[in-house]
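# Descriptive analysis of the structure
The lines below spell out each chain.
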Amino acid sequence: MSKKWWKEMFKIENILLYCLKQLNGERTIYSIYHLLNGKKSSQTLQDAHLFSLKRYFGILEPLTRESFDEIFNKLLINKLVEPCGEQRFLLTSAGEDYLLNNAQPYYINGWRYQAFTLLVWERLSLLVQVSSNFTFQETKYIPIQKNVEVHNWLKEFLRFTSGSKQELGKSLFSELVEILEHARDVNPKILIFRLTGYKQIGLTSSQIAKKLNIDSIHYHLEFINTIHCLLHFVESDPSRFKVLSSLLANLDQNESLTLSARKTLVLLNQGFTAEEIASIRNLKISTIEDHLVEFALNVEDFSVNSYVDEEMQLKILEISRRESTRQLKVIRNALKTASYFQIRLVLAKYGDRHWN
């Protein structure tokens, strides 16, 4: 492998190698693509949990399959991965070495933050622009964001903000500086160059990528990592970052179920069985089972005991541990009395705890 290419490997390659390491040849490379795209299929949601990859869920929605293939082929060409089955790969010794010597993006947490990352950015960018112009008593400027909901949020925020509008800019600046100075492996330019303020127009993501001599995917990951960094600090100590904590106001931060699963949960809580719900909603029973797996993954007090007795649960987890696998077929072959649905349900409920 050329040393030059090694040094130029950006975080997307780091992430792909880490995901492959976690998957250990048990899923195809396209399970990683679906994970990064944030595909809300039962399989992808369960993989995110089982293989401890939740932090990367949905962080690269713009990534095309062609771009993914191109990046992955670089890993092959440079002998960082090797095939172990159809569309399945393991890390080579060189890949293992690379992974040991290159850290993952520190703050990225797609499962926790990605659903509202864009909205937080829109709020932040408008807040910075408005507070900057307040500081210089400028009232004539074009808002950088057009989203009506973002404008309504800002009006509401300003209405209940104590202190002068001029002080707002100082407080916001102070909070941003404090976070960026204490952040780990974050380049402030990734965020700062995009901000619009008094008589200053922020650069586009492509302009900043060119300015920093990085590609668009690398910039996107750095940007997501930076926004998630802000969210991490704010959530950890909201009283310390009073202005920035306003960015999280009225956000639905805990809704991790798909819309269809939420409808099923309402009926389930009314006492209907899975079969009855399938009939009521005119859906296949397999679809309702997918929803039940979602509940096992995301609803803390959801019990799987009425679908799988406790003795069967222990057997499934024991086989999974003994065979070092999360592959349904392997577990099913060793435990014929368990259905694929029961195995999926148990792994969804306890699989990540069992392995990590």
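These numbers were taken from a predicted model, which means no experiment stands behind them. (Residues numbered from 1 in each chain as written. Predicted model: local features only at pLDDT ≥ 70, side-chain atom pairs only at ≥ 80, totals over all residues. Heavy atoms only, no water.)

## Considering helix α7 (residues 110–135)
Between its first and last C-alpha atoms α7 spans 35 Å; for 26 residues at 1.5 Å apiece the expected length is 38 Å, and the two agree. T117 marks the point of greatest bend in α7, at about 55 degrees. Across the 26 residues of α7, 20 count as buried, placing the element largely inside the fold. (Helix = DSSP H or I, 4+ residues; strand = E, 2+ residues; numbered from the N terminus. Expected span 1.5 Å × (residues − 1). Bend = angle between axes of the 7 residues up to and from the residue. Buried < 20%, exposed > 50% of the residue type's maximum accessible area, 1.4 Å probe, protein only.)

## Considerations on the nonpolar core
One finds L36, Y56, F295 and I316 to be the most contacted residues of the largest nonpolar core, which totals 68 residues. A total of seven residues in this core trace back to one element, the largest contributor, which is helix α2 (residues 11–23). If sequence neighbours within four positions are ignored, Y56 has contacts with I15, Y18, C19, L35, L36, Q104, P105, I108 and G110. Ranked by size, the runner-up nonpolar core spans 42 residues in total, among them V128, I179, F223 and L230. (Core = buried A, V, L, I, M, F, W, Y, C linked by side-chain atoms within 4.5 Å. Contact = heavy atoms within 4.5 Å.)

## Considering the side chain of S320
You can see S320 is positioned in helix α16 (residues 310–322). Under the relative-accessibility criterion, S320 is labelled buried at 0%. Within polar-contact distance, the side chain of S320 engages the backbone oxygen of T325 at 2.7 Å. (Polar contact = N/O pair within 3.5 Å; in protein donor to acceptor, adjacent residues only side chain to side chain.)

## Here's the deal with the packing of α2 against helix α6 (residues 93–101)
Contact geometry of α2 with α6 gives a least axis separation of 10 Å together with a crossing angle of 115 degrees. In terms of crossing hand, the pair formed by α2 and α6 is left-handed. The residues of α6 that touch α2, namely those facing N14, L17, Y18 and K21, are G95, E96, Y98 and L99. Looking at the contact of α2 with α6 residue by residue, the class counts come to four nonpolar, two polar and two charged. (Axes fitted to C-alpha atoms, helices over the stretch in contact; angles between N-to-C directions. Left-handed = near helix turned anticlockwise from the far one by under 90°. Nonpolar A, V, L, I, M, F, W, Y, C, P; charged D, E, K, R; others polar.)

## Considerations on the confidence of the model for the protein chain
Taken residue by residue, the protein chain gives an average pLDDT of 90. The fraction at 70 or more is 94%. Across the protein chain, helix α3 (residues 29–37) holds the top mean pLDDT of 97, while helix α1 (residues 3–8) sits lowest at 43. Below pLDDT 50 for its whole length, residues 1–9 participates in 16 contacts with residues either more than four positions away or in separate chains. (pLDDT = per-residue confidence, 0-100.)

## Regarding the packing of aromatic side chains
Within a pair of aromatic rings, the relevant descriptors are the distance that separates the centres and the angle that separates the planes. Enumeration according to the criterion identifies 16 aromatic pairs in this entry. Aromatic side chains Y30 and F68 sit 5.8 Å apart centroid to centroid with 45 degrees between the ring planes, which places their arrangement in the tilted category. Remark: F68 occurs in helix α5 (residues 65–77) and Y30 occurs in helix α3; sequence separation between them is 38 residues. Using a relative accessible area of 12% as the deciding quantity, one classes Y30 as buried. Each ring, one from F136 and one from Y198, has its centre 4.3 Å from the other, and the planes form 10 degrees; the classification is stacked. With F136 in the loop between α7 and α8 (148–159) and Y198 in the loop between α10 (189–192) and α11 (205–211), the pair connects residues that are 62 residues apart, well separated along the chain. Three or more aromatic residues joined by ring pairs make a cluster, and in this case those are Y30, Y33, F68, F72 and F89. (Phe/Tyr/Trp six-rings, centres within 6.5 Å; stacked < 30°, edge-to-face > 60°.)

## Section: the pairing of strand β1 (residues 81–85)
In terms of strand pairing, β1 meets strand β2 (residues 88–91) through four bridges, oriented antiparallel. In the strand pairing of β2, E82 is matched with L90. A loop of two residues connects β1 with β2, the two strands running antiparallel in sequence, and Q87 in this loop sits at a positive phi of about 60 degrees. (Pairing = 2+ DSSP bridges.)

## Focus: helix α13 (residues 259–269)
Where α13 is concerned, the buried positions are A261, T264, L265, L267 and L268. The buried residues of α13 occupy an angular sector of 165 degrees when the element is viewed end-on, so they sit on one face. Those residues of α13 that are exposed and angled more than 90 degrees off the buried face are L259 and N269. Lining the buried residues of α13 we find α14 (274–280) and α15 (285–298). At the exit of α13 stands G271, carrying a positive phi of roughly 100 degrees. (Arc of directions from axis to C-beta.)

## Describing the pattern of salt bridges
Pairing is possible between side chains that carry opposite charge, provided their charged atoms lie close to one another. Under the definition given, this model contains 11 salt bridges. Here R27 ties to D47 by a salt bridge, and the two come within 2.9 Å at their closest N and O atoms. One end of the pair, R27, is in the loop between α2 and α3; the other, D47, is in helix α4 (residues 42–50), and 20 residues separate them in sequence. With respect to class, R27 is no different from D47; both count as buried. (Salt bridge = Lys/Arg side-chain N within 4 Å of Asp/Glu carboxyl O.)

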